[in-house]
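Understanding the architecture of this molecule
These are the residues of each chain, in order.
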Amino acid sequence: MQSSYPHELFLEVRRRKLGLGTAYIYGFKWALARQYEYIFEMDADFSHSPSDLNKLFLACHRNGADMAIGSRYVKGGGTVNWPRNRILLSKGGSLYTRMITLIPVKDTTAGFVCYKRDVLESINLNGIHFLGYAFQIEMKFAAWKLGFKIVEVPIVFVDRKYGSSKMHKGIVKEGILGVLKLRWYSLFKDYRNKMKNADDSISVRLH
(Lines give C-alpha, C1' and ligand atoms only; values in the text may rest on other atoms or scores of the structure.)
Protein backbone atom coordinates (compact mmCIF):
# COMPACT_ATOMS: atom_id res chain seq x y z
CA MET A 1 0.00 0.00 0.00
CA GLN A 2 3.00 2.34 0.33
CA SER A 3 3.12 2.74 -3.46
CA SER A 4 -0.47 4.04 -3.35
CA TYR A 5 0.18 6.38 -0.41
CA PRO A 6 3.82 7.43 -0.78
CA HIS A 7 3.40 10.61 1.29
CA GLU A 8 1.11 9.22 3.98
CA LEU A 9 2.25 5.68 4.77
CA PHE A 10 5.71 5.03 6.22
CA LEU A 11 7.37 1.99 7.70
CA GLU A 12 10.33 2.31 10.05
CA VAL A 13 12.28 -0.87 10.76
CA ARG A 14 14.50 -1.03 13.82
CA ARG A 15 17.51 -3.32 14.01
CA ARG A 16 16.28 -5.34 16.96
CA LYS A 17 13.48 -5.64 19.51
CA LEU A 18 14.00 -3.02 22.23
CA GLY A 19 10.69 -2.93 24.07
CA LEU A 20 7.27 -1.37 23.62
CA GLY A 21 8.15 1.98 25.18
CA THR A 22 11.20 2.61 23.03
CA ALA A 23 9.15 1.81 19.90
CA TYR A 24 6.58 4.43 20.85
CA ILE A 25 9.24 7.00 21.66
CA TYR A 26 10.94 6.30 18.34
CA GLY A 27 7.64 6.98 16.60
CA PHE A 28 6.99 10.14 18.61
CA LYS A 29 10.40 11.55 17.74
CA TRP A 30 9.94 10.59 14.09
CA ALA A 31 6.64 12.51 13.98
CA LEU A 32 8.00 15.53 15.88
CA ALA A 33 10.93 15.79 13.49
CA ARG A 34 8.45 15.99 10.60
CA GLN A 35 6.32 18.70 12.21
CA TYR A 36 3.09 16.75 12.72
CA GLU A 37 0.62 18.68 14.92
CA TYR A 38 -1.40 15.67 16.13
CA ILE A 39 0.32 12.38 16.89
CA PHE A 40 -1.50 9.12 17.58
CA GLU A 41 -0.58 5.78 19.04
CA MET A 42 -2.74 2.69 18.54
CA ASP A 43 -2.59 -1.08 18.25
CA ALA A 44 -2.14 -2.36 14.71
CA ASP A 45 -4.20 -5.54 15.14
CA PHE A 46 -7.60 -3.75 14.87
CA SER A 47 -8.27 -4.02 18.59
CA HIS A 48 -8.46 -0.25 18.23
CA SER A 49 -10.86 0.72 15.46
CA PRO A 50 -9.53 3.19 12.86
CA SER A 51 -13.05 4.69 12.81
CA ASP A 52 -12.41 6.03 16.34
CA LEU A 53 -9.38 8.06 15.28
CA ASN A 54 -11.53 11.01 14.33
CA LYS A 55 -13.17 11.10 17.79
CA LEU A 56 -9.78 11.42 19.45
CA PHE A 57 -8.67 14.03 16.93
CA LEU A 58 -11.76 16.18 17.47
CA ALA A 59 -11.36 15.99 21.24
CA CYS A 60 -7.99 17.72 20.79
CA HIS A 61 -8.66 19.85 17.72
CA ARG A 62 -12.07 21.25 18.68
CA ASN A 63 -12.75 20.50 22.33
CA GLY A 64 -9.59 21.72 24.02
CA ALA A 65 -7.93 18.48 25.06
CA ASP A 66 -4.15 18.26 24.95
CA MET A 67 -4.22 14.49 25.23
CA ALA A 68 -7.24 12.37 24.23
CA ILE A 69 -7.38 8.77 25.46
CA GLY A 70 -9.50 6.09 23.83
CA SER A 71 -10.97 4.75 27.05
CA ARG A 72 -12.58 1.41 27.77
CA TYR A 73 -13.68 2.42 31.26
CA VAL A 74 -15.77 5.56 30.83
CA LYS A 75 -19.48 5.63 29.99
CA GLY A 76 -19.96 4.31 26.46
CA GLY A 77 -16.69 2.41 26.41
CA GLY A 78 -16.13 -1.32 26.77
CA THR A 79 -14.41 -4.49 25.62
CA VAL A 80 -15.43 -7.33 23.29
CA ASN A 81 -14.11 -10.93 23.37
CA TRP A 82 -11.49 -10.10 25.99
CA PRO A 83 -10.76 -12.88 28.50
CA ARG A 84 -12.17 -12.23 31.96
CA ASN A 85 -8.74 -12.45 33.60
CA ARG A 86 -7.39 -9.74 31.28
CA ILE A 87 -10.35 -7.46 32.06
CA LEU A 88 -9.81 -7.91 35.79
CA LEU A 89 -6.07 -7.31 35.41
CA SER A 90 -6.61 -4.17 33.31
CA LYS A 91 -9.35 -2.67 35.49
CA GLY A 92 -7.50 -3.60 38.66
CA GLY A 93 -4.30 -2.05 37.33
CA SER A 94 -6.04 1.20 36.48
CA LEU A 95 -7.73 1.36 39.89
CA TYR A 96 -4.43 0.63 41.63
CA THR A 97 -2.73 3.37 39.59
CA ARG A 98 -5.39 5.95 40.47
CA MET A 99 -5.22 5.08 44.16
CA ILE A 100 -1.43 5.37 44.31
CA THR A 101 -0.78 8.33 41.99
CA LEU A 102 -4.14 10.16 42.25
CA ILE A 103 -4.14 10.66 38.47
CA PRO A 104 -7.71 11.46 37.28
CA VAL A 105 -7.70 8.89 34.44
CA LYS A 106 -9.85 5.75 34.46
CA ASP A 107 -8.04 3.83 31.70
CA THR A 108 -4.41 4.44 32.64
CA THR A 109 -3.01 1.56 30.57
CA ALA A 110 -4.84 2.53 27.36
CA GLY A 111 -2.69 2.41 24.23
CA PHE A 112 -5.03 4.41 21.97
CA VAL A 113 -4.07 8.06 22.37
CA CYS A 114 -3.97 11.35 20.47
CA TYR A 115 -1.34 13.86 21.57
CA LYS A 116 -1.08 17.47 20.60
CA ARG A 117 2.43 18.23 19.46
CA ASP A 118 3.01 20.50 22.48
CA VAL A 119 2.58 17.60 24.89
CA LEU A 120 5.27 15.41 23.35
CA GLU A 121 7.59 18.39 22.87
CA SER A 122 7.21 19.28 26.54
CA ILE A 123 7.89 15.80 27.93
CA ASN A 124 11.49 14.71 28.29
CA LEU A 125 11.05 11.50 26.32
CA ASN A 126 14.59 10.40 27.14
CA GLY A 127 13.62 10.53 30.83
CA ILE A 128 10.76 8.04 30.57
CA HIS A 129 11.71 5.13 32.82
CA PHE A 130 9.54 2.23 31.70
CA LEU A 131 9.59 0.11 28.55
CA GLY A 132 6.60 -2.23 28.98
CA TYR A 133 2.95 -1.48 29.68
CA ALA A 134 3.95 0.84 32.55
CA PHE A 135 5.14 3.15 29.76
CA GLN A 136 1.49 3.96 29.04
CA ILE A 137 0.94 4.93 32.65
CA GLU A 138 4.07 7.06 32.85
CA MET A 139 3.24 9.04 29.70
CA LYS A 140 -0.18 9.95 31.10
CA PHE A 141 1.32 10.71 34.50
CA ALA A 142 3.97 12.98 32.99
CA ALA A 143 1.41 14.86 30.87
CA TRP A 144 -0.83 15.31 33.91
CA LYS A 145 2.03 16.53 36.10
CA LEU A 146 3.01 19.05 33.42
CA GLY A 147 -0.50 20.49 33.57
CA PHE A 148 -1.92 19.30 30.25
CA LYS A 149 -5.64 18.67 29.85
CA ILE A 150 -6.42 14.97 29.50
CA VAL A 151 -9.79 13.79 28.18
CA GLU A 152 -11.08 10.23 27.96
CA VAL A 153 -13.14 9.37 24.87
CA PRO A 154 -15.22 6.16 25.03
CA ILE A 155 -14.14 3.40 22.65
CA VAL A 156 -14.87 -0.32 22.36
CA PHE A 157 -11.75 -2.48 22.50
CA VAL A 158 -12.05 -5.71 20.49
CA ASP A 159 -9.63 -8.51 21.29
CA ARG A 160 -7.38 -9.57 18.42
CA LYS A 161 -8.48 -12.50 16.25
CA TYR A 162 -4.92 -13.60 15.48
CA GLY A 163 -1.67 -13.61 17.42
CA SER A 164 -1.10 -13.85 21.15
CA SER A 165 -0.83 -11.46 24.05
CA LYS A 166 2.58 -10.15 25.08
CA MET A 167 1.45 -9.96 28.72
CA HIS A 168 3.67 -11.87 31.16
CA LYS A 169 4.66 -11.75 34.84
CA GLY A 170 7.55 -9.36 34.19
CA ILE A 171 5.20 -6.80 32.65
CA VAL A 172 2.77 -7.09 35.58
CA LYS A 173 5.64 -6.68 38.04
CA GLU A 174 6.92 -3.62 36.17
CA GLY A 175 3.46 -2.11 36.35
CA ILE A 176 3.05 -2.69 40.09
CA LEU A 177 6.51 -1.44 41.02
CA GLY A 178 6.47 1.28 38.36
CA VAL A 179 3.39 2.94 39.81
CA LEU A 180 4.99 2.99 43.26
CA LYS A 181 8.15 4.51 41.78
CA LEU A 182 6.16 7.22 39.98
CA ARG A 183 4.49 8.17 43.25
CA TRP A 184 7.85 8.17 45.01
CA TYR A 185 9.47 10.33 42.34
CA SER A 186 6.61 12.82 42.45
CA LEU A 187 6.70 13.09 46.26
CA PHE A 188 10.40 13.18 47.01
CA LYS A 189 12.03 14.29 43.78
CA ASP A 190 11.36 17.17 41.43
CA TYR A 191 9.59 14.92 38.95
CA ARG A 192 7.89 17.77 37.11
CA ASN A 193 11.17 19.47 36.24
CA LYS A 194 12.82 16.15 35.43
CA MET A 195 10.09 15.27 32.96
CA LYS A 196 9.96 18.69 31.37
CA ASN A 197 11.98 18.89 28.17
CA ALA A 198 14.56 21.60 28.76
CA ASP A 199 15.18 22.35 25.09
CA ASP A 200 12.88 24.32 22.81
CA SER A 201 13.44 21.64 20.17
CA ILE A 202 13.54 18.03 21.31
CA SER A 203 16.61 16.05 20.36
CA VAL A 204 15.84 13.40 17.78
CA ARG A 205 17.89 10.23 17.45
CA LEU A 206 16.62 7.76 14.89
CA HIS A 207 18.56 4.55 14.31
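As the structure is a computational prediction, the values presented were derived from the model and not from experiment.

Conventions used here
The numbers attached to residues start from 1 for each chain and follow its sequence in the written order. Two thresholds apply to this predicted model, a pLDDT of at least 70 for residue-level local features and 80 or more for giving and counting side-chain atom pairs, whereas whole-chain, interface and lining totals are computed over all residues. Hydrogens and water molecules were not included; the side-chain quantities draw on all heavy atoms of the structure. Strands here mean DSSP runs of E at least two residues long; helices mean DSSP runs of H or I at least four residues long; both are numbered from the N terminus. Accessibility here uses a 1.4 Å probe with only protein chains present; expressed as a share of the type maximum, an area under 20% marks a residue as buried, one over 50% as exposed, and anything in between as partly exposed. In this description, contact between two residues means that some pair of their heavy atoms is separated by no more than 4.5 Å. Reported accessibility uses the Shrake-Rupley method at a 1.4 Å probe radius. Residues are deemed covered only where the shown protein chains occlude them. Cysteine sulfur pairs qualify as disulfides if the two atoms are within 2.5 Å. Nonpolar core, defined: a set of buried Ala, Val, Leu, Ile, Met, Phe, Trp, Tyr and Cys residues in which side-chain atoms within 4.5 Å join the residues together. We treat two strands as partners when DSSP finds at least two bridges between them. Lines are fitted to the C-alpha atoms to define the axes, a helix being fitted only along its stretch in contact, and any angle between axes, read from their N-to-C directions, falls within 0 to 180 degrees. Each C-beta atom gives one direction from the helix axis, and the arc is the one those directions make. How sure the predictor is of each residue is captured by pLDDT, a score from 0 to 100. Put simply, two rings from Phe, Tyr or Trp (the six-membered ring, in Trp's case) pair if the centres are within 6.5 Å, and we call them stacked under 30 degrees between planes, edge-to-face over 60, tilted for the rest.

Secondary structure summary: the protein contains seven helices and six strands in total. Listing each helix as α and each strand as β along the protein from the N terminus yields α-β-α-β-β-α-β-α-α-β-β-α-α. Counting all 207 residues of the protein, 40% fall into the buried class. In the protein, once contacts between residues fewer than 6 apart in sequence are set aside, the share between residues at least 24 apart is 77%. Split by element, the accessible area of the protein, about 12000 Å² in all, is 56% carbon and sulfur.

With that out of the way, let us pick up the state of the cysteines. All chains considered together, the criterion is met by zero disulfides. The cysteine C60 is free of any disulfide, with C114 supplying the nearest cysteine sulfur at 3.8 Å.

A word on the nonpolar core. Of all hydrophobic cores here, the largest spans 22 residues; its most connected members are F28, Y115, I123 and M139. Breaking this core down by element, the ones donating at least two residues are helix 1 (20-33), strand 4 (113-116), helix 4 (117-122) and helix 5 (134-145). Looking at this core, the element that brings in the most residues is helix 1, giving six residues. Excluding residues that lie within four positions of it along the chain, M139 makes contacts with F28, M67, Y115, L120, I123, L125 and I128. Residues A59, C60, A65 and C114 belong to the second largest nonpolar core, which totals twelve residues.

The next point concerns the sheet that holds strand 4. The strand order 1-4-2-5 describes an open sheet built from four strands, whose pairing is mixed. The open sheet is flanked by strand 1 (38-41) and strand 5 (150-154), the only strands paired with a single partner. Direction aside, neighbouring strands of the sheet carry axes that sit 20° apart on average. The sheet contact formed by strand 2 (residues 67-71) and strand 4 spans three bridges and is antiparallel. Residue pairing for strand 4: I69 is matched across the bridge by V113. Along the sheet face, helix 5 touches strand 1, strand 2, strand 4 and strand 5 and points at about 140° away from the line of strand 2.

Our next topic: the environment of M139. Tracing the backbone shows M139 in helix 5. Note on M139: relative accessible area 0%, which makes it buried. Here the alpha-carbon distance between M139 and I128, two residues eleven residues apart in the chain, equals 7.6 Å.

With that settled, the discussion passes to helix 2 (residues 53-61). Every buried residue of helix 2 is accounted for by L56, A59 and C60. Axial view of helix 2: buried residues confined to an arc of 95°, hence all on one face. Among the structural elements, strand 1, strand 2, strand 4 and strand 5 are those in contact with the buried residues of helix 2.

With that out of the way, let us pick up the confidence of the model for the protein. With 85% of its residues at a pLDDT of 70 or more, the protein shows a mean pLDDT of 86. Overall, residues 200-207 carries pLDDT values under 50, and its contacts beyond four positions in sequence, including any with other chains, amount to 15 contacts.

This brings us to the packing of aromatic side chains. Applying the stated criterion across every chain, the model contains eight aromatic pairs. Between F10 and W30, the ring centres sit 5.1 Å apart and the planes meet at 55°, which makes this aromatic pair tilted. A residue pair is termed long-range when its members are at least 10 positions apart, and F10 in the segment before helix 1 and W30 in helix 1 qualify at 20 residues. By relative accessible area, F10 is classed as partly exposed at 39%. Summarising the aromatic geometry, the rings of F28 and Y115 are spaced 5.2 Å apart at their centres and angled 70° between planes, so their arrangement reads as edge-to-face. With F28 in helix 1 and Y115 in strand 4, the pair connects residues that are 87 residues apart, well separated along the chain. Members of the aromatic cluster, connected to one another through ring pairs, are Y24, F28, Y115 and F135.

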